[in-house]
Amino acid sequence: MSTSIALVEDDEDLRDEMCFQLCRAGFSVFGCEDGVSLDRHLREHGCALVVLDLGLAGEDGLSIATRLRRERPGLGIVMLTARGRLQDRLSGLECGADSYLVKPVDIRELIAVIQTVVRRLVAPAPAPGQQEWLLRSRAMEIVSPDGTVVSISGMEATLLREMATQGMDVVPRRQLIEALGHDYLLFDQRRLDTAVSRLRHKLDEACPDKSPIRAVRGVGYVFAMPLRVDQATV
């Protein structure tokens, strides 16, 4: 069965084009012009994931995302918007988005992001006794397998969310830098290394027996233990 998607975009031409492209990619897509039509569709049909613009008439996308994350914690949310500032990106992620893309976006990138989010949504639960970290992104904290709560910054939450989307695969440095809202070619990568080093130190104190974040030389970083994102936490 194809993944069901609700695409919320108030530009009719763009909405029709994106729905067409996503349907060609094998998704089942329904276009909505605003939050009201989205709510009606969710009540009557439901879906697995919402692609959400921010600049909508009536209720804006940030408000919609916050409400959906509270009411439907298992719903995937991908924000697609012209707002490209770092603060806009962080606000979107803190409101509960699984991913944040800036227009214009190549349809292939959007498809890849949707597939990544869907894989995370349907990932099997850890086996009994398996150690797992829990990222409470809205509460700005991460919980170690033994229950130790570690406070994190917005930047650290973004890095952890990006690692969580990859499971226990390596996340390229470029992907992490762009998730933070920066241009990979202009960004001083030592700033990324410093940020990850600080985060690793926090997590190592909470779980001294096994460091969860590992560097892969010349490639990026990996969260080497199961990491679950609890979007519903406030």
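Above this text is the structure in question.
Attention here is on the structure that accompanies the text. Computed from a prediction, not measured in an experiment: that's the story for all the values here.

Right, let's get into the pairing of strand β1 (residues 4–8). Most of β1 sits out of view: 4 of its 5 residues are buried. As for the winding sense of the linkage, the β-α-β connection from β1 through helix α1 (residues 12–24) to strand β2 (residues 28–32) is right-handed. In terms of strand pairing, β1 meets strand β3 (residues 49–52) through 4 bridges, oriented parallel. When the sheet's bridge partners are listed, V8 is paired in β3 with L52.

Per the stated rule, a full pass over the model turns up 2 cavities of 30 Å³ or more. Taken as a whole, the second largest cavity spans an internal volume of roughly 40 Å³. Considering the residues around the second largest cavity, the lining is formed by L90, L93, E94, S137, A157, T158 and R161. For the lining of the second largest cavity, the elements supplying multiple residues, two or more each, are α4 (86–94) and α6 (154–165). For the lining of the second largest cavity, the residue count by class is 3 nonpolar, 2 polar and 2 charged.

A word on a negative patch on the surface. A surface patch of like charges, here negative, comprises D10, D11, E12, D13, D16, E17 and E33. Locating E17 in the fold gives a position in helix α1.

Turning next to the environment of P73. With respect to the helices, strands and loops of the structure, P73 is situated in the loop between α3 (61–71) and β4 (76–81). The exposure class of P73 is partly exposed, given its relative accessible area of 43%. Each C-alpha atom of the pair P73 and D230 lies 8.0 Å from the other, and the pair is 157 residues apart in sequence.

If you look at the biggest cluster of nonpolar residues, it comprises 28 residues, and the most contacted ones within it are W133, I142, L160, L192, L203, I213 and F223. Put simply, the parts of the chain that give this core at least two residues each are β6 (133–136), α6, α7 (173–179), α8 (189–206), β11 (220–223) and β12 (227–229). Excluding anything up to four places from it in sequence, L160 contacts L135, I142, I152, L199, L203, I213, F223 and L227. Ranked by size, the runner-up nonpolar core spans 20 residues in total, among them L42, L56, I64 and A97.

Calculation criteria
Residues numbered from 1 in each chain as written. Predicted model: local features only at pLDDT ≥ 70, side-chain atom pairs only at ≥ 80, totals over all residues. Heavy atoms only, no water. Buried < 20%, exposed > 50% of the residue type's maximum accessible area, 1.4 Å probe, protein only. Helix = DSSP H or I, 4+ residues; strand = E, 2+ residues; numbered from the N terminus. Right-handed = clockwise from strand over helix to strand, strands pointing away. Pairing = 2+ DSSP bridges. 1 Å grid on protein atoms, 1.4 Å probe; cavity = no way out; pocket = protein on both sides within 12 Å on 5 of 7 lines; lining within 4 Å. Points joined across faces, edges and corners; volume = space filled by probe spheres on them. Nonpolar A, V, L, I, M, F, W, Y, C, P; charged D, E, K, R; others polar. Patch = residues over 30% accessible without salt bridge, like charges linked within 9 Å, V, L, I, M, F, W, Y side chains within 5 Å. Areas by Shrake-Rupley, 256 points an atom, 1.4 Å probe, with all protein chains shown as cover. Salt bridge = Lys/Arg side-chain N within 4 Å of Asp/Glu carboxyl O. Lys, Arg positive; Asp, Glu negative; His and termini not counted. Charge placed at Lys NZ, Arg CZ, Asp CG, Glu CD. Core = buried A, V, L, I, M, F, W, Y, C linked by side-chain atoms within 4.5 Å. Contact = heavy atoms within 4.5 Å.

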